[in-house]
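# Examination of the molecular architecture
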Amino acid sequence: MVKYKKILEAFLVIALVLFSFYYTDKVVSILEENDPIMKKINEEKGLFEEASINATIEDNKLIPGYNGLTVDTRASFKKMKNYGSYNASLLVFQEVEPTISSIDYYDKYIISGNGFSTSVSLVFALDSATYLEKVLNILTDTNTVGTFFLDGTIIDNNKDLIKGFASTNHELEVLSYNNGYNEELFKKSLDNIKILTLKDGKYCYASYDNKEVLDLCNKLNLHTIIPTLKLENNIYTSLKGNLRSGSIISIKVTENNLKELPVVVNYIKQRGFTLVTLDQLLNEARNEK
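Okay, so let's go over this structure. (Residues numbered from 1 in each chain as written. Predicted model: local features only at pLDDT ≥ 70, side-chain atom pairs only at ≥ 80, totals over all residues. Heavy atoms only, no water.)

### Points about the nonpolar core
Soluble globular proteins: nonpolar side chains tend toward being buried together. This is how the line gets drawn: To qualify as a nonpolar core, a set must consist of buried Ala, Val, Leu, Ile, Met, Phe, Trp, Tyr and Cys residues joined through side-chain atoms within 4.5 Å. Whether a residue is buried, partly exposed or exposed follows from its accessible area with a 1.4 Å probe, protein chains only, as a fraction of its type maximum: under 20%, in between, or over 50%, in that order. Helix and strand labels come from DSSP, where a helix needs a run of H or I of at least four residues and a strand needs a run of E of at least two; each type is numbered from the N terminus. Residue contacts are defined here by distance: any two heavy atoms, one from each residue, within 4.5 Å place the two residues in contact.
Within the largest apolar cluster, 47 residues are counted, with the highest numbers of intra-cluster contacts made by Phe-148, Ile-249 and Ile-268. Top element by residues in this core is helix H10 (residues 255–270). It accounts for six residues. The contacts of Ile-268, once residues within four sequence positions are left out, are Val-120, Leu-122, Leu-239, Leu-243, Ile-249, Phe-273 and Leu-275. Membership of the second largest hydrophobic core comes to 13 residues, among which are Val-123, Ile-225, Leu-278 and Leu-281.

### Here's the deal with the pattern of salt bridges
Going by this rule: Any Lys or Arg side-chain nitrogen found within 4 Å of a carboxyl oxygen on Asp or Glu counts as a salt bridge.
Within the structure shown, the criterion is met by nine salt bridges. With a shortest N-O distance of 3.0 Å, Lys-40 and Glu-44 are connected by a salt bridge. Remark: Glu-44 and Lys-40 occur in helix H2 (residues 36–44); sequence separation between them is four residues, near one turn of the helix. For Lys-40, a relative accessible area of 31% puts it in the partly exposed group.

### A word on the packing of helix H4 (residues 132–141) against H10
We count it as follows: Angles here are taken between N-to-C directions and fall from 0 to 180 degrees, while the axes themselves are lines fitted to C-alpha atoms, restricted in helices to the stretch in contact. We call two directions roughly parallel when the angle between them is under 35 degrees, roughly antiparallel when it is over 145, roughly perpendicular when it lies between 65 and 115, and oblique otherwise. Gly is placed with the polar residues, together with every amino acid not listed as nonpolar (Ala, Val, Leu, Ile, Met, Phe, Trp, Tyr, Cys and Pro) or charged (Asp, Glu, Lys and Arg).
Close contact between H4 and H10 brings their axes to 10 Å; oriented N to C, the two are set at 10 degrees. As summarised for this structure, H4 and H10 are arranged roughly parallel, according to the angle between their axes. In this structure, H4 uses Lys-134, Val-135 and Ile-138 to contact H10, whose residues at the interface are Glu-255, Leu-258, Leu-261 and Pro-262. Per-class residue counts for the contact of H4 with H10 are five nonpolar, no polar and two charged.

### A word on the pairing of strand S7 (residues 147–151)
Walk down a regular strand and you will see the side chains alternate between the two sheet faces. To keep it simple, the criterion reads: Pairing between strands is defined by DSSP: at least two bridges between the two strands are required. Call a crossover right-handed when, viewed with both strands pointing away from you, the route from the first strand across the helix to the second goes clockwise.
In terms of residue burial, S7 counts as a mostly covered element, since five of its five residues are buried. Side chains Thr-147, Phe-149 and Asp-151 project from S7 onto one buried face, and the interleaved Phe-148 and Leu-150 project onto a second face that is buried too. Looking at chain direction, strand S6 (residues 119–126) and S7 are connected through four bridges and run parallel. Across the sheet, residue Ala-125 finds its bridge partner in S7, namely Phe-149. Note that the unit made of S6, H4 and S7 has a crossover that is right-handed. As paired strands, S7 and strand S8 (residues 171–176) are joined by five bridges and run parallel to one another. Its bridge partner being in S8, Phe-148 is matched across the sheet by Leu-172.

### Here's the deal with the side chain of Glu-173
Heads up, the rule is: Two residue types count as positive, namely Lys and Arg, and two as negative, namely Asp and Glu; His and chain ends fall outside the count. In protein, a polar contact means a hydrogen-donor-capable atom and an acceptor-capable atom, both N or O and within 3.5 Å, with residues adjacent in sequence counting only if both atoms are side-chain atoms; elsewhere, any N or O pair within 3.5 Å suffices.
Secondary-structure assignment places Glu-173 in strand S8. Although buried, Glu-173 forms no salt bridge, and the nearest oppositely charged side chain, Lys-202, lies 7.2 Å from it. Here Lys-202 takes part through its backbone nitrogen, which lies 2.7 Å from a polar atom of the side chain of Glu-173. Those residues in contact with Glu-173, other than ones at most four positions away along the chain, are Thr-147, Phe-148, Phe-149, Leu-150, Ile-193, Gly-201, Lys-202 and Tyr-203.

### Remarks on the side chain of Ser-176
Inspection of the secondary structure puts Ser-176 in strand S8. Given a relative accessible area of 2%, Ser-176 falls into the buried group. Here Asp-151 takes part through its side chain, which lies 2.6 Å from a polar atom of the side chain of Ser-176.

### Describing the state of the cysteines
As a reminder of what qualifies: By convention in this document, the label disulfide applies to cysteine sulfur atom pairs within 2.5 Å.
Per the counting criterion, the structure on display carries one disulfide. In this model, Cys-204 is linked to Cys-217 through a disulfide, with the two sulfur atoms separated by 1.9 Å. Its S-S torsion of approximately -95 degrees makes the covalent link between Cys-204 and Cys-217 left-handed. Remark: Cys-217 occurs in helix H8 (residues 211–219) and Cys-204 occurs in strand S9 (residues 203–205); sequence separation between them is 13 residues.

### A look at the environment of Gly-164
The topology assignment puts Gly-164 in the loop between helix H6 (159–163) and S8. Assessed through its relative accessible area of 31%, Gly-164 is described here as partly exposed. In this structure, the C-alpha to C-alpha distance between Gly-164 and Thr-197, residues 33 residues apart in sequence, is 7.6 Å.

### A short note on the pairing of S6
Along S6, seven of the eight residues are buried, which leaves the element largely enclosed by surrounding structure. Direction of pairing for S6 relative to strand S13 (residues 274–275): parallel, over a ladder of two bridges. Pairing of Val-120 across the sheet is with Leu-275, part of S13. In the sheet, S6 pairs with strand S12 (residues 248–251) via three bridges, with the strands oriented parallel.

Structure representation (structure tokens):
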């Protein structure tokens with residue numbers, strides 16, 4: 001009987017403590033809601049909040065959406081309370097994901113970024129390592145990042161070079177394995193990238209509507225891209241007049257195209273565009289908070 005009495009007393013103490021925390025939090029919440037600063041935040045937060053924008057889907061093609069912004073009223077209140085008065089510049093925001101988001105669709109081709117920033121991406125699909133170091137050197141010299149889709153045999157035979165990607169801002173993805181799409185070999189290449197660079201692969205590359213690639217990458221939860229612009233010859237001339245925000249720009253790697261690559265990079269930057277990796281371009285998160 002004494003044992004049960006002690007258990008009951010302990011239970012009552014715990015219940016009292018929990019109720020005390022709950023009651024205190026309620027009191028604090030009521031006081032905050034009636035504070036002039038909080039009232040001002042609630043009155044004006046609608047002026048600063050932005051609705052999210054859904055991803056655009058048409059047939060089997062997709063363009064990512066864009067996160068919205070909502071005001072975190074309690075975090076904003078705390079900052080302004082410390083400041084001493086309402087100040088809109090101290091508002092704290094949270095991002096709100098779109099209802100229809102690209103992260104939920106692996107069975108569609110992503111054909112561009114959403115275009116809500118001036119970002120574009122350079123993409124290089126290589127089935128041979130012949131020009132890989134040359135491309136990397138040009139990007140380093142022009143202070144530019146790129147996304148590389150490499151055949152798995154390149155990864156197997158150039159492990160020291162692939163390890164070097166870990167210390168760069170470039171993005172590395174699997175293109176194929178010996179120009180094929182065997183699931184086990186493709187997965188092996190993804191594993192090798194993770195081992196060598198400590199980064200996961202996220203994307204697949206298709207030059208055109210390729211069901212074999214899309215089905216495999218859908219199964220592996222990888223997004224498949226089809227470039228917005230495919231530059232194969234006279235790449236500078238081909239780019240002029242066609243560049244727009246959100247473009248995924250695939251450049252065929254040849255000796256002549258490598259000579260033009262610095263000119264292309266310079267043109268993109270002079271036009272006011274920012275070169276980012278594919279993952280940065282296709283992310284629905286906002287740059288500003």
